[in-house]
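# Architecture at a glance
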Amino acid sequence: MELKVYHCPPTRSVRIVWALEELGLPYETKRVALDREYFKTPEWRAISPTGKVPVFYDGDRALVESVAITHYLSEKYAGGRLSRRPTDADYGEFLQWIHYGEAGMGPYAGMLIGQTRLLPENQRIEAMKVWALGECKNACGFIENSLGDRPCILGADFSLADISLGYMLHLIRLSGESKSIFGPKTAEYYRRLTGRPAWIKATQ
Ligand SMILES: N[C@@H](CCC(=O)N[C@@H](CS)C(=O)NCC(=O)O)C(=O)O
């Protein structure tokens, strides 16, 4: 097994390194700078088929999509640890949350960070920021209501669903707007996740 991550914190490569650490798998990282000009070059395009980060290699097989890669690692190399089987009672919720963290939240968290941090101020559009804020509040309201008194989104046990959501909460936090978006339980949940040694290693 030769697992290699092109790693670029604080991008979504964090999810993959976080999962590798939690699963205790051996891996190698190659650091790459978040440089959109470099991402257009033939050199980078030969490494990353989408031109984006993260890109992950299992031997000479290149894979993209951070959440899918965490699921692949668990199923292929860790006996399904941090994952769920179709026979598990919460299998549906597991799939829902791993995908919600990217497909349900990613577009709005991305829009929010674009409108608060990434775009030059003279290119920002207030209505887009308001839209993104509203959608991020809605998504975090769903998380807040679902958490109840649970330490993790599926209950007592940490899973890949927490990795998917935890990263997206981090992206929202980087926007500088999380105080008005996170409910109290979500803020605590985010604090717990980002205190984990594997998270700390993945974000260094
Ligand atoms: N859904 C993809 C998203 C990949 C993505 O959008 N990556 C961003 C960084 S987190 C990127 O490469 N941005 C630079 C660019 O778009 O040029 C995943 O989860 O891996």
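Residues numbered from 1 in each chain as written. Predicted model: local features only at pLDDT ≥ 70, side-chain atom pairs only at ≥ 80, totals over all residues. Heavy atoms only, no water.

## Comments concerning the environment of Lys185
What counts here: We count a stretch as a helix when DSSP gives it H or I for four or more residues in a row; a strand needs E for two or more, and each element gets its number in order from the N terminus. Residues count as neighbours in contact if any of their non-hydrogen atoms are within 4.5 Å of one another.
Inspection of the secondary structure puts Lys185 in helix α9 (residues 184-194). Residues contacting Lys185, with those up to four places away along its chain left out, are Glu144, Leu147, Gly148 and Asp149.

## A look at the domain arrangement of the protein chain
Note the following rule: Note: domain ranges come from an automatic or database domain assignment. A simple way to read buried area is as the amount of 1.4 Å-probe accessible surface that goes missing from two parts once joined, with both sides added. The rule for a salt bridge is simple: a side-chain nitrogen of Lys or Arg has to be within 4 Å of a carboxyl oxygen of Asp or Glu. By the criterion applied in these results, polar contacts are pairs of N or O atoms within 3.5 Å in which, for protein atoms, one can donate a hydrogen and the other can accept it, and in which residues neighboring in sequence qualify only through two side-chain atoms. Residues are grouped as follows: nonpolar covers Ala, Val, Leu, Ile, Met, Phe, Trp, Tyr, Cys and Pro; charged covers Asp, Glu, Lys and Arg; every other residue, Gly included, is treated as polar.
For the protein chain, the domain assignment lists domain 1 (3-77) and domain 2 (91-196). Taking only C-alpha atoms, the centre of domain 1 and the centre of domain 2 are 21 Å apart. Facing 14 residues of domain 1, the contacting portion of domain 2 comprises 19 residues. Buried surface at the junction of domain 1 and domain 2, summed over both partners, amounts to about 1,300 Å²; 67% is from carbon and sulfur atoms. Between Arg196 and Glu22 there is a salt bridge whose closest N-O contact spans 2.8 Å. In this structure, the connection of domain 1 to domain 2 is made through 7 residue pairs in polar contact (both at pLDDT 80 or more). Of the residues in the side of domain 1 that touches domain 2, the class split is 5 nonpolar, 5 polar and 4 charged.

## Let's talk about unusual backbone geometry
Cis rather than trans, the peptide bond between Pro9 and Pro10 has omega equal to 10°. Note that Pro10 resides in the loop between β1 (3-7) and α1 (13-23). Note that the residue after Val53, namely Pro54, is joined by a cis bond; omega there is 0°. Tracing the backbone through its elements, the reader meets Pro54 in the loop between α2 (42-47) and β3 (56-58). If you check the backbone angles, Leu82 has positive phi at about 70° while not being a glycine. Mapped onto the elements, Leu82 comes out in the loop between α3 (66-77) and α4 (91-104).

## Details of the side chain of Thr186
Considering the arrangement of structural elements, one finds Thr186 in helix α9. At a separation of 2.5 Å, a polar atom in the side chain of Thr186 contacts the side chain of Glu144.

## A few points about the sheet that holds β3
Where we set the bar: Strand pairing is assigned whenever DSSP identifies at least 2 bridges connecting the two strands. Lines are fitted to the C-alpha atoms to define the axes, a helix being fitted only along its stretch in contact, and any angle between axes, read from their N-to-C directions, falls within 0 to 180 degrees.
One open sheet holds the 4 strands; their spatial order is β2-β1-β3-β4, and the pairing between them is mixed. What marks the edges here is a single partner per strand, and that holds for β2 (28-31) and β4 (61-63). Adjacent strand axes in the sheet meet at a mean angle of 25° when their direction is disregarded. Direction of pairing for β1 relative to β2: parallel, over a ladder of 4 bridges. Bridging across to β2, Val5 finds its partner in Thr29. Contacting β1, β2 and β3, α1 runs over the sheet at an angle of about 145° to β1. Strands β1, β3 and β4 of the sheet are contacted by α3, whose axis makes an angle of about 20° with β3.

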